[in-house]
Amino acid sequence: MFSLTAILLLLVGNISIPSIQPINAQRQGLVNNQTDTSQGMTKIIQISVAQEEEGYRWSNIQGTNPPLRVLTNTNNTVQIQNPTNEKHEMIIESKGNEVASSGDIARHSSGQLFFAPNWTGTFEYHCEYHPDTMKGTVLANRQ
Ligand SMILES: [Cu+2]
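A few words now on the confidence of the model for the protein chain. Residue-level pLDDT values for the protein chain average 81, and 72% of them are 70 or greater. Considering only residues more than four positions removed or in separate chains, one finds that residues 1-37, a stretch of pLDDT under 50, has 39 contacts.

With glycine set apart, most residues show a phi of negative sign, and most peptide bonds adopt trans. In this model, N65 sits at a positive phi of 45°, which is unusual for a non-glycine residue. Here N65 is to be found in the loop between strand 3 (63-64) and strand 4 (68-71). On the neighbour-count criterion, N65 (19 C-beta atoms within 10 Å) is partly exposed.

Turning our eyes to something else, we now look at the sheet that holds strand 4. Overall, mixed pairing links the 5 strands, which are arranged 4-10-9-6-7 in an open sheet. The open sheet has two free edges, formed respectively by strand 4 and strand 7 (97-101), since each of these has just one partner strand. Each neighbouring strand pair of the sheet contributes to a mean axis angle of 35°, computed without reference to strand direction. Relative to strand 9 (residues 121-127), strand 6 (residues 90-94) runs antiparallel, the two sharing 4 bridges.

Turning to its location among the elements, N82 is positioned in strand 5 (residues 75-82). Looking at N82, the number of C-beta atoms within 10 Å reads 22, which means it is buried. Taking the C-alpha atoms as reference points, N82 and R107, separated by 25 residues in sequence, lie 6.1 Å from one another. Those residues in contact with N82 that sit more than four places away from it in its chain are V49, H88, I105, R107, H108, S109 and S110.

Judged by pairing direction, the sheet is mixed, and its 5 strands sit side by side in the order 3-2-1-5-8 without closing on themselves. Two strands lie at the open edges of the sheet, namely strand 3 and strand 8 (109-115), each paired on one side alone. Across 2 bridges, the pairing between strand 2 (residues 55-60) and strand 3 is antiparallel. In the strand pairing of strand 3, S59 is matched with T64.

Rules used throughout
Residues numbered from 1 in each chain as written. Predicted model: local features only at pLDDT ≥ 70, side-chain atom pairs only at ≥ 80, totals over all residues. pLDDT = per-residue confidence, 0-100. Contact = placed C-beta atoms within 7 Å. Helix = DSSP H or I, 4+ residues; strand = E, 2+ residues; numbered from the N terminus. Buried ≥ 20, exposed ≤ 12 C-beta atoms within 10 Å, placed from the backbone. Pairing = 2+ DSSP bridges. Axes fitted to C-alpha atoms, helices over the stretch in contact; angles between N-to-C directions.

Dropping the structure here:
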């Protein structure tokens, strides 16, 4: 149901919302299952925590610790599944500064991270608790 709603929002947003919108910086700090549809543009990225011999990793259809491709001036929503026995937290940083966080995602639970960058560039993401094995890059391009 949620994904259907998100797809509908995406379709509506593409048709009726201007491509350039002001970004509320506070939005970048939203955590844990909050949704915000005040802006039209939404991009959904799905990712999961995987437990491998070497430790925990981020994983999705694009691979292990995949680059996350986000769009500027867009409500990028990372939907995170955690099927493991430990908590995890996704953090996005820019030059060492945290710019978005999922908050703690409890074991056998799920969470979300919201990220709406207003400039293009490369960021990095990692897990607060497993930064050595759960990390990758975030690529922000214009929508
Ligand atoms: Cu972790």
